[in-house]
Amino acid sequence: MKLPTIYNVQLVAMIATLGGALFGFDISSMSAIVVTKQYIDFFDNPSGVIQGAIGSALAAGSVVGSAMAGPISDKIGRRDSILFACIFWLIGTSVQVACQNYGQLIAGRVLNGFTVGITSSQVPVYLAEIAKADKRGSLVIIQQLAIEFGILIMYFIGYGCASIEGPASFRTAWGTQFIPCFFLIIGLPFLPRSPRWLAKVGRDKEAIETLANIQANGDIEDPLVVAEWEEIVTVMRAENEAGHGWGKFFKNGMWKRTLAGMSVQAWQQLAGANVIVYYLTYIAQMAGLTGDVAMVTSGIQYAVFIIFTGVMWIFIDKTGRRTLLVYGALGMGFCHFVVGGVMGAHSTYHPEGVGNPPNANIVISVTPGPAANTVITFSYLLIVVYALTLAPVCWIYAAEVWSLGTRATGMSLAALSNWVFNFALGMFTPPAFINITWKLFIIFGVLCIAAAAWFWVLCPETCGKTLEEVELMFAPGAIQPWKTRKGESRLTAEIEAVAARRLKGEPVTVQPATEVEKV
């Protein structure tokens, strides 16, 4: 029996982005747990490299998952690659729940990371390929919102489970990671396959029908459907003539897209916001907040994250990607400098650790009063700026820059870049809290300034353009990135041209791309 298919793109996005919720759940599965007595006692107060390995195990698995995601997605499709990834989530979560030492915990998080590596790269690709050009940003941003909701929900589950005695505390919290995966597995079979992937593998009739169902309530003669299909066919023909293999990522200006897609994801990590996201409980303790106050303070941060990303859901397609990238990086840099400067001027060193029991990863305490309040305030402000800018835009931009023939593998490369730097920073941050303390934030501030300069020089504006039009912005002889503007899509003119042909009595039906050699 054939299952019914959902074509409402908002509902499709809400189901598909449960893959983002998995990402958020696994991030936050440690945030509320690492400062609890149960965790510190059971794993023998892990610190430095060991805590870094536990924290970065997710990223290590994600490096592998994102590297494999492109070929898997091109072979079985965007939707089914997400379903395939869920298998490893179920195994990894089982290992975490049953773990007896930090080695097994790391192994479980690596398996979960493999899932996140696939979903974090292929969910944005899937959403970008089914969205209308003028709504693409608001659709892909649902992925970021799902990540943040996952972080918030899992954090407060961990906070609630902290009152449970013994190892059952963290085992119960980690066991709830089965829930979003269950709903994702149930929902995915009801979603359509990407019409661009269907076209790519030669299933033209199904591609046209899917495109029409998504864009025009099933009317395959709608001018929008005709114009968009003709554009897809034209681009497919050009890509087939350009050749195959890894060389296509560097030929005919493609290296610019490869550089843009991978670098924007690398800078998202190097901007340092995830240090706050992962370890705000540490920063709260440095600022003198303890117990429930510290935990709730950190939890509020995640709610703030959601609220301001939700604001951008309304405005993301009305504001240029470049504007948000450049000014977001500058704003984050300013916040890092303030946090690091205040910590450096108003802190006391405690080699034995801070807290009760002492946490070996926290070796400075900020002077209570205005200094501590400033650290917390600008940590919050940094998250606000991040939620409005780099958090959603880096994923949207990386999903937009690739050609049809390179999109799945290209987004895998972009996600790979993200996860490599995520892993490196995950290993670096706990030892850095111990060895260079406040100077860590100064380093991130400098990196944010460098990111802003990079975005200005190398990233053209993609907002309001079809995925096929974005290709032209990276072609040889294209306009310089700093001269590009949002909107100005040619699709409107193409739709009008199709409508004019219809008035003249010319045929305007969609024709399968039988003459295009499939890749």
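All values reported here derive from a predicted model rather than from experimental measurement.

Enquirer: Summarise the overall build of the chain; cite the residues concerned and give the values.
Expert: The number of helices and strands found in the chain is 22 helices and two strands. Taking all 519 residues of the chain together, 59% fall into the buried category. Pairs at least 24 residues apart make up 81% of the contacts formed inside the chain by residues separated by at least 6 positions. Here the chain has roughly 18900 Å² of accessible surface; of this, 67% comes from carbon and sulfur atoms.

Enquirer: Requested: an account of helix α1 (residues 9-16), with residues and values cited.
Expert: The set of residues buried in α1 consists of Val 12, Ala 13, Ile 15 and Ala 16. Around the axis of α1, the buried residues are gathered within 165 degrees of arc, so they sit on the same side. Each element contacted by the buried residues of α1 is listed here: α2 (18-31), α6 (102-130), α7 (136-161) and α9 (178-187).

Enquirer: Can you explain the packing of aromatic side chains? Please cite residues and give values.
Expert: Taken as a whole and judged by the stated rule, the model has 16 aromatic pairs. Pairwise contacts between aromatic rings join Tyr 39, Phe 42, Phe 43, Phe 170 and Trp 174 into one cluster. The side chain of Arg 322 reaches across the aromatic face of Trp 456, ending 4.8 Å from its centre.

Enquirer: Tell me about the pattern of salt bridges, and please be specific about residues and values.
Expert: When the charged atoms of two side chains lie near each other, side chains of opposite charge can form a pair. Using the criterion set out here, one finds eleven salt bridges in the structure. Arg 321 is the partner of Asp 317 in a salt bridge, and the nearest nitrogen-oxygen pair spans 3.5 Å. Exposure remark for Arg 321: the relative accessible area of 0% places this residue in the buried category. One connected set of salt bridges, linked through shared partners, spans Asp 74, Arg 78, Glu 129 and Lys 200.

Enquirer: For helix α18 (residues 390-400), give the residues involved together with the corresponding values.
Expert: With eleven of eleven residues buried, α18 is to be regarded as a mostly interior element. Listing the buried residues of α18 in full gives Leu 390, Ala 391, Pro 392, Val 393, Cys 394, Trp 395, Ile 396, Tyr 397, Ala 398, Ala 399 and Glu 400.

Enquirer: Provide a residue-level description of the packing of helix α13 (residues 254-270) against helix α20 (residues 439-458), including the pertinent values.
Expert: Contact geometry for α13 and α20: axes closest at 10 Å, N-to-C directions at 160 degrees. Relative to α20, the element α13 lies roughly antiparallel. As for how α13 packs across α20, the hand of that crossing is left-handed. Contact with α13, carried on its side by Leu 259, Ser 263, Val 264, Trp 267 and Leu 270, involves Phe 444, Leu 447, Ala 450, Ala 451, Trp 454, Phe 455 and Leu 458 of α20 and no other residues of that element.

Enquirer: Describe the side chain of Arg 257, naming the residues involved and giving the relevant values.
Expert: As for its placement among the helices and strands, Arg 257 is situated in helix α13. Owing to a relative accessible area of 7%, Arg 257 belongs among the buried residues under this scheme. In this structure Arg 257 touches Val 401, Trp 402, Ser 403, Glu 471 and Phe 474, once residues within four positions along its chain are discounted.

Enquirer: Explain the side chain of Thr 176 to me, using residue names and the numbers behind them.
Expert: Inspection of the secondary structure assignment puts Thr 176 in the loop between α8 (168-175) and α9. Since its relative accessible area comes to 17%, Thr 176 is described here as buried. Among all residues touching Thr 176, those that are not within four sequence positions of it are Phe 25, Met 154 and Ile 157.

Enquirer: Give me the nonpolar core: which residues, what numbers.
Expert: Across soluble globular proteins, nonpolar side chains have a tendency to be buried as a group. By size, the foremost hydrophobic cluster in this structure holds 133 residues, and its most contacted members are Tyr 39, Leu 127, Trp 174, Met 332, Met 343 and Phe 455. No other element matches the twelve residues that helix α17 (residues 370-388) contributes to this core. Residues within four places of Met 343 in sequence aside, it is in contact with Ile 283, Met 286, Ile 364, Val 366, Val 375, Trp 438 and Phe 441. Core analysis: the next-biggest nonpolar cluster, separate from the first, contains 13 residues, Leu 198, Ala 212, Val 225 and Trp 229 among them.

Reading the values: rules and limits
- Residues numbered from 1 in each chain as written.
- Predicted model: local features only at pLDDT ≥ 70, side-chain atom pairs only at ≥ 80, totals over all residues.
- Heavy atoms only, no water.
- Helix = DSSP H or I, 4+ residues; strand = E, 2+ residues; numbered from the N terminus.
- Buried < 20%, exposed > 50% of the residue type's maximum accessible area, 1.4 Å probe, protein only.
- Contact = heavy atoms within 4.5 Å.
- Areas by Shrake-Rupley, 256 points an atom, 1.4 Å probe, with all protein chains shown as cover.
- Arc of directions from axis to C-beta.
- Phe/Tyr/Trp six-rings, centres within 6.5 Å; stacked < 30°, edge-to-face > 60°.
- Lys NZ or Arg CZ within 6 Å of the ring centre and 35° of its normal.
- Salt bridge = Lys/Arg side-chain N within 4 Å of Asp/Glu carboxyl O.
- Axes fitted to C-alpha atoms, helices over the stretch in contact; angles between N-to-C directions.
- Parallel < 35°, antiparallel > 145°, perpendicular 65-115°, else oblique.
- Left-handed = near helix turned anticlockwise from the far one by under 90°.
- Core = buried A, V, L, I, M, F, W, Y, C linked by side-chain atoms within 4.5 Å.

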